[in-house]
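Overview (structure and organization)
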Amino acid sequence: MLALISKKVAQFDRLTKHLPGEPSPQWYRENMQTIVRRLKSDTAARIALCSLIPIGEDPGSVNPFQAEANRRIAEYCAILKDIAREEAVSYLPLCERMQELILAFPGRAFTSFDFLPLYRDVFRQFVLHKSHDEIGQLNGWHFHRDGIHLNSRSGKLLADLVQEFLSTGTSAIL
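Now for a quick tour of the structure. (Residues numbered from 1 in each chain as written. Predicted model: local features only at pLDDT ≥ 70, side-chain atom pairs only at ≥ 80, totals over all residues. Heavy atoms only, no water.)

**Re the overall build of the chain**
The number of helices and strands found in the chain is seven helices and two strands. In the chain, the succession of α and β elements from N to C terminus is α-α-β-α-β-α-α-α-α. Relative to the 2.2 N^0.38 estimate, which gives 16 Å for 174 residues, the radius of gyration of the chain is 17 Å and therefore close to what a compact globule would have. Along the first, second and third principal axes, the C-alpha atoms of the chain reach 45 × 35 × 35 Å. Across the 174 residues of the chain, 37% fall into the buried class. A separation of at least 24 residues holds for 69% of the contacts in the chain among residues at least 6 apart in sequence. (Helix = DSSP H or I, 4+ residues; strand = E, 2+ residues; numbered from the N terminus. Rg over C-alpha atoms; globule rule 2.2 N^0.38 Å. Buried < 20%, exposed > 50% of the residue type's maximum accessible area, 1.4 Å probe, protein only. Contact = heavy atoms within 4.5 Å.)

**Brief notes about the pattern of salt bridges**
The tally for this structure, following the rule as stated, stands at 15 salt bridges. With its nearest N and O atoms 3.5 Å apart, the salt bridge here joins Asp82 to Arg29. Note that Asp82 is positioned in helix H3 (residues 64-87) and Arg29 in helix H2 (residues 25-42), a separation of 53 residues in sequence. Arg124 is paired through a salt bridge with Asp121; the nearest N and O atoms lie 3.2 Å apart. Taken together, the residues Arg124 and Asp121, both in helix H5 (residues 115-126) and three residues apart, mark about one turn of the helix. An identical accessibility class is assigned to Arg124 and Asp121; each is buried. (Salt bridge = Lys/Arg side-chain N within 4 Å of Asp/Glu carboxyl O.)

**Structural notes on the state of the cysteines**
A full pass over the atoms with the stated rule returns zero disulfides. The thiol of Cys50 is unpaired, and the distance to the nearest cysteine sulfur, on Cys77, comes to 8.4 Å. For Cys77, which is in no disulfide, the shortest distance to another cysteine sulfur is to Cys95 and amounts to 3.9 Å. (Disulfide = S-S within 2.5 Å.)

**Brief notes about a nonpolar patch on the surface**
Taken together, the side chains of Val122, Phe123, Phe126, Val127 and Leu128 present a nonpolar region at the surface, about 470 Å² in accessible area. If you trace the backbone, Phe126 turns up in helix H5. (Patch = residues over 30% accessible without salt bridge, like charges linked within 9 Å, V, L, I, M, F, W, Y side chains within 5 Å. Areas by Shrake-Rupley, 256 points an atom, 1.4 Å probe, with all protein chains shown as cover.)

**Quick notes on the packing of aromatic side chains**
A complete count under the given rule lists six aromatic pairs for this structure. Ring geometry for Phe110 versus Trp141: centroids 6.4 Å apart, planes at 35°, classification tilted. In this pair, Phe110 sits in the loop between helix H4 (94-104) and H5 while Trp141 sits in the loop between helix H6 (132-139) and helix H7 (152-168), placing the two residues 31 residues apart along the sequence. Residue Phe110 is classed as buried on the basis of its relative accessible area, which comes to 7%. For Trp141, a relative accessible area of 7% puts it in the buried group. Taken together, a centroid distance of 6.4 Å and an interplanar angle of 25° make the contact between Phe115 and Tyr119 stacked. Of the two residues, Phe115 and Tyr119 both sit in helix H5, four residues apart, roughly one turn of that helix. (Phe/Tyr/Trp six-rings, centres within 6.5 Å; stacked < 30°, edge-to-face > 60°.)

So this is what it looks like as structure tokens:
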């Protein structure tokens, strides 16, 4: 999804992931549906699809990058929700739950993707021994480490959704 809004991510993906085609919402749908159908036919496991993580913490942003990220996240979550409904599997609404929290405590917009902050945060984690929460706080995020990855607050939200699914076999489909 990020490759659709960031030329840097698109270039990185082309060089490192050797994708057979250009990323698109349709290709994402086809791949996710194939995975779900394969799991359903080859296992007896209960299956759940989890919505994507919001990127950034400014749902009403006018910044072009954040606004496009918000639009794409909503589009891809809708794809997952449709697949869950069509394939009769559970749907874990992580994005929707995080959006509720972000609306209550809005934060920064994610205005671009750059590798330098990523490397800086790896240094903070592995050399300075900072936690994901400390790194997120240094970066000015409430629910992320870096605008993309979860911190413990949002990680606990995900863990709670998964635990609910595992314990009850149900999910909170919106």
